[in-house]
Amino acid sequence: MSDPTTSSIDTDGRRNLVRLLRAAYPHPRFPDGPYERTADAILNQAGDSLWHRLVLTEGLATLDARAASGSGQGRFADLDDEAALDLLRGIEDAEFFVFIRSVAVVTLYDDAEVHQLLGYGGPSFEQGGYLHRGFDDLDWLPNPRIEEYDGPDQLVEVAPDDEPATAPTQA
Amino acid sequence: MGTENVDPNQRSDADSLRSQQDHYGASIDHDEEVVVIVGSGAGGGTLAYELTAKGVPCVVLEAGPYLMPEDYENDEWASFKQMAWLDARTASGPYRVARDFPNLPAWVVKAVGGSTTHWSGATPRFRAHEFKTRTYYGDIEGANTLDWPITLEELAPYYDRAEKAIGSTHRHGRPPLPANNNYKVFANGAEKVGYEFYATGPYGTNAEPYDGRPASIQDGFNFQGDKSTAKWSTAVREIPRAIKTGKCDLRPNSQAVQVTHDASGRANAVLYVDKDGNLHRQAARVVCVAGNSIESPRLLLMSASALHPDGLANSSGQVGRNYMRHLTGSVYARFEEPVHMYRGETMAGIIADEARQDTSRGFVGGYYMETLSLGPAFLAAFADPGEWGPGFTEVMDAYQNTAGMWIVGEDLPQETNRVTLNASVKDQWGLPAADVWYQDHPNDVAMRTHGYSRADLLYEAVGAVGVHHTPPYPATHNLGTCRLGARPEDGVADTWGQAHDVPGLFISDGSQMTSGAAANPTLTIVALAIRQAEYIADQLAKGAG
């Protein structure tokens, strides 16, 4: 059992947190690494605040009890994806879950491995930008015009019906 | 930017960066009465260069550090912590930002160069009727429309000069930027739905070398400062040139906290705190306030005196009111094929077809559509703040195949949308933080709904398999809180930006905007600053300053 007086969360608590993150932010193609790093960032940040440490320790420790009361299954970590998601929807406004999400959303997607998995190239200046690395490599649409329109039509800045009753001299 | 995570103490910190001097350029005595400019962004930086180039000595007080291009980071959160304005502020009112980001009403920059450091670069001009909203939009319930004491015709020559200073593409012989991937989707969709007035600009980043700076390398990090300097900002153009004149004394890490006046009511000094919290006084002949639309009214409200009990230059009661943040909303569309929207210039794609006055659409005013890309880190924070679960991860999982656009349009000025001093929240110096209270006008909601639906049609026309609407996030365009008005009863400042109530005090940033128009504001702020600098130099030469 985790003990808030020691500012450490035990392995059961951390396992529940990793499982919670996967249920709240489900990406089937992500391995465990990004979720585990995010869990560690959450635990680390909770250490900076007594309030967060209190709610997080208690929240993670009682997930199993909630899982048992809901489904009869013993542990949160054993719930399937749908059951875990249902459980989380039921505690959406709980302070510890709000805290978890506030850290997770800025940590999980600020991860080099996740960037690679999502197809994001990340820092580019040192490599000369994307000028010669595919900034215009999209080939499933035709190349569009880049110049401004120079055809016969004029953009009507004010529709005729919207001219003021007493039109100013300079329209 | 989870609300829990915005903590100024987490800054990667300016103090640790190289080359932090107390000041740059000329050493101007604190007792010498000079032009004192508060802020070094689009307004303040431009004024500093235009005035010192004419031989007028200026002290520039900049709250943030002097970051160099090599300091800028190709990393969204690291850059945010490096340059965003994270001092204590509050957001309140019914708008969603107050719930999602209660301590971050605006995403603006605290550094030399101000928000030109992270601006996108889009440079459309305001249209003629947008300077005359009272005339064209009429008396709209709940709105506080007013015609500017300036017309497009008067500002046009200064727009020319501003476009040349910035090096806007598609203007004055500057070539267009090429199409990046995000633009290819955007422009093909535009063509399919019948839009005509689209292009990769005008845009304030070099397509070819210009003005001593290189061409874009399409690195995709212009919101994080542009390390290559292909993008115009006052940090890479106006400020270094002002320093070279020998007439400019730039003091970074100097937060203006009060503007004082003499017995006759004329502005005569600015008090500021340095990075160690020491208070200084710089004597002034003229004071130009250009701290962006939250800090500028805050400074005037903190400058209340026995002569100005409701805040300096506030006999109209309009200081802090009519806060505008532009309509804003983003649309991200998912496709079956890769897009890689993050590669290349972030906002080099503009559609102007909806930027017009046509009330048959159900609202007054208009909006632009502009390409937009965020990295996964920011997309996760902004796409639908607070959201989680499979609906959220579906958006993130599609990142590689996603195209994005921003809808930027005119929101109406409302007296109750305002910046005030929050007596219960203090900044790091113990001074009252700014509170920003905001509520959408029904016209804003109607326009945003229209914009979302047009964006959906555009993307569906080129095969989108899903679209996501992102709500307005912390404002990058902050306008109108010290507005111009022909009559002292209606506005804070006159046609030159000089306060009606306080001789020698000028409003020099986006807070002077009487209405916000559909266009991104930076070009107009620069044009107004060039015009104002001419007036100030002229008045000083006549001895009237």
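Residues numbered from 1 in each chain as written. Chains lettered and ligands numbered in written order. Predicted model: local features only at pLDDT ≥ 70, side-chain atom pairs only at ≥ 80, totals over all residues. Heavy atoms only, no water.

Student: It is not clear to me how the overall build of chain B should be interpreted in this structure. Could you clarify?
Tutor: For chain B, the count of helices and strands is twelve helices and 17 strands. Over its C-alpha trace chain B gives a radius of gyration of 22 Å, about what one expects of a compact globule, namely 24 Å for 545 residues. Seen along its three principal axes, the alpha-carbon backbone of chain B occupies a region of about 70 × 50 × 50 Å. Scored against the burial criterion, the 545 residues of chain B give a buried share of 69%. Pairs at least 24 residues apart make up 76% of the contacts formed inside chain B by residues separated by at least 6 positions. (Helix = DSSP H or I, 4+ residues; strand = E, 2+ residues; numbered from the N terminus. Rg over C-alpha atoms; globule rule 2.2 N^0.38 Å. Buried < 20%, exposed > 50% of the residue type's maximum accessible area, 1.4 Å probe, protein only. Contact = heavy atoms within 4.5 Å.)

Student: I would appreciate a short explanation of the nonpolar core in the present structure.
Tutor: Proteins that are soluble and globular tend to have nonpolar side chains buried together. Core analysis: the biggest nonpolar cluster contains 174 residues, and Leu21, Tyr25, Leu88, Phe96 and Ile100 of chain A together with Tyr459 and Leu505 of chain B have the highest contact counts within it. In terms of residue count, the dominant contributor to this core is helix H6 (residues 95-107) of chain A (eight residues). Excluding residues that lie within four positions of it along the chain, isoleucine 100 of chain A makes contacts with Leu17, Leu20, Leu21, Ile42, Leu56 and Leu60 of chain A. Membership of the second largest hydrophobic core comes to 26 residues, among which are Val35, Tyr66, Val112 and Tyr535 of chain B. (Core = buried A, V, L, I, M, F, W, Y, C linked by side-chain atoms within 4.5 Å.)

Student: What's the story with helix H6 (residues 181-192) of chain B in this structure? I'm lost.
Tutor: Quick reminder: α-helices carry 3.6 residues per turn. Residues three or four places apart thus point the same way. Residues and elements named next belong to chain B. Its twelve residues give H6 an end-to-end C-alpha distance of 17 Å, which sits within 8% of 16 Å, the value for a rise of 1.5 Å per residue. Counting buried residues in H6 gives ten out of twelve residues, a clear majority hidden from the surface. Against strand S5 (198-199), strand S11 (350-351), strand S12 (367-371), strand S13 (402-409) and helix H11 (442-460) lie the buried residues of H6. N-capping of H6 is provided by asparagine 180, with a side-chain oxygen placed 3.3 Å from the backbone N of asparagine 182. Phi turns positive one or two residues past the end of H6, at glycine 194, with a value near 95°. (Expected span 1.5 Å × (residues − 1). Polar contact = N/O pair within 3.5 Å; in protein donor to acceptor, adjacent residues only side chain to side chain.)

Student: Can you help me understand the interface of chain A and chain B in this one?
Tutor: Interfaces are frequently sized by the accessible area removed from exposure as the parts join. Taken together, the 63 residues of chain A in the interface contact 74 residues of chain B. In this assembly, chain A packs against chain B so that about 5900 Å² is buried in total across both faces, 60% of it on carbon and sulfur atoms. Inspection of the region where chain A meets chain B yields four salt bridges. Between arginine 127 of chain B and glutamate 157 of chain A there is a salt bridge, with its nearest N and O atoms 3.4 Å apart. In this assembly, chain A and chain B are joined by 36 residue pairs in polar contact (both at pLDDT 80 or more). Those elements that place two or more of their residues in the side of chain A that touches chain B are helix H5 (81-90), H6 and helix H7 (112-118) of chain A. With six residues, H6 of chain A is the largest single contributor of residues to the side of chain A that touches chain B. (Buried area = accessible area lost by both parts, 1.4 Å probe. Salt bridge = Lys/Arg side-chain N within 4 Å of Asp/Glu carboxyl O.)

Student: Sorry if this is basic, but what is going on with the sheet that holds strand S14 (residues 418-426) of chain B here?
Tutor: Strand pairing in a sheet takes place through backbone hydrogen bonds and is either antiparallel or parallel in direction. Residue and element names in this part refer to chain B. If you trace the three strands from one edge of the open sheet to the other, you get S4-S15-S14, paired in mixed fashion. On the outer flanks of this sheet lie strand S4 (89-92) and S14, each paired with one strand and no other. Here the average twist between neighbouring strands, direction ignored, is 35°. Sheet strands touched by helix H8 (residues 292-301): S4, S14 and strand S15 (432-437). Its angle to S14, the strand with the most contacts, is close to 70°. (Pairing = 2+ DSSP bridges. Axes fitted to C-alpha atoms, helices over the stretch in contact; angles between N-to-C directions.)

Student: Honestly, the environment of glutamate 534 of chain B in this entry has me stumped. Any pointers?
Tutor: Residue and element names in this part refer to chain B. In this structure, glutamate 534 sits in helix H12 (residues 522-541). Here the alpha-carbon distance between glutamate 534 and tryptophan 496, two residues 38 residues apart in the chain, equals 9.7 Å. Contacts of glutamate 534, omitting those with residues within four sequence positions, involve Lys54, Tyr158 and Arg161.

Student: When you look at the pattern of salt bridges in this model, what are you seeing that I'm missing?
Tutor: Oppositely charged side chains can form a pair if their charged atoms are brought close together. Residues and elements named next belong to chain B. Here the structure, examined in full by the defined rule, presents 39 salt bridges over all chains. Ionic pairing is found between arginine 134 and aspartate 139, a salt bridge with its closest N-O pair at 3.7 Å. The structure contains a network of salt bridges with shared partners spanning Asp211, Arg213, Arg237, Glu238 and Arg241.

Student: Please clarify how the sheet that holds strand S16 (residues 466-470) of chain B should be interpreted in this entry.
Tutor: Residues and elements named next belong to chain B. Across the sheet, which stays open at both edges, the six strands sit in the order S5-S11-S12-S13-S10-S16 with antiparallel pairing between neighbours. Sheet topology places S5 and S16 at the edges, where each strand pairs with a single neighbour. Pairing analysis gives five bridges linking S12 to S13, with the strands arranged antiparallel. By the bridge assignment for S13, tyrosine 367 is matched with glycine 409. Where H11 meets the sheet, its contacts fall on strand S10 (330-334), S11, S12, S13 and S16, and the angle it forms with S13 comes to roughly 150°.

Student: Would you mind going over the packing of aromatic side chains with me for this structure?
Tutor: For the structure on display, the rule yields 33 aromatic pairs over all chains. Note on phenylalanine 126 of chain B and phenylalanine 131 of chain B: the rings are 5.7 Å apart at their centroids and 45° apart in plane angle, and the pair reads as tilted. Phenylalanine 131 of chain B carries the same exposure label as phenylalanine 126 of chain B, and that label is buried. Clustering of aromatic rings is evident, with ring pairs tying together Trp77, Phe80, Phe101, Trp107, Phe223, Phe378, Phe382 and Tyr473 of chain B. Positioned above the aromatic ring of tyrosine 198 of chain B, the side-chain terminus of arginine 145 of chain A is 4.0 Å from the ring centre. The positively charged end of lysine 227 of chain B is found above the aromatic ring belonging to phenylalanine 125 of chain A, 5.7 Å away from the centroid. (Phe/Tyr/Trp six-rings, centres within 6.5 Å; stacked < 30°, edge-to-face > 60°. Lys NZ or Arg CZ within 6 Å of the ring centre and 35° of its normal.)

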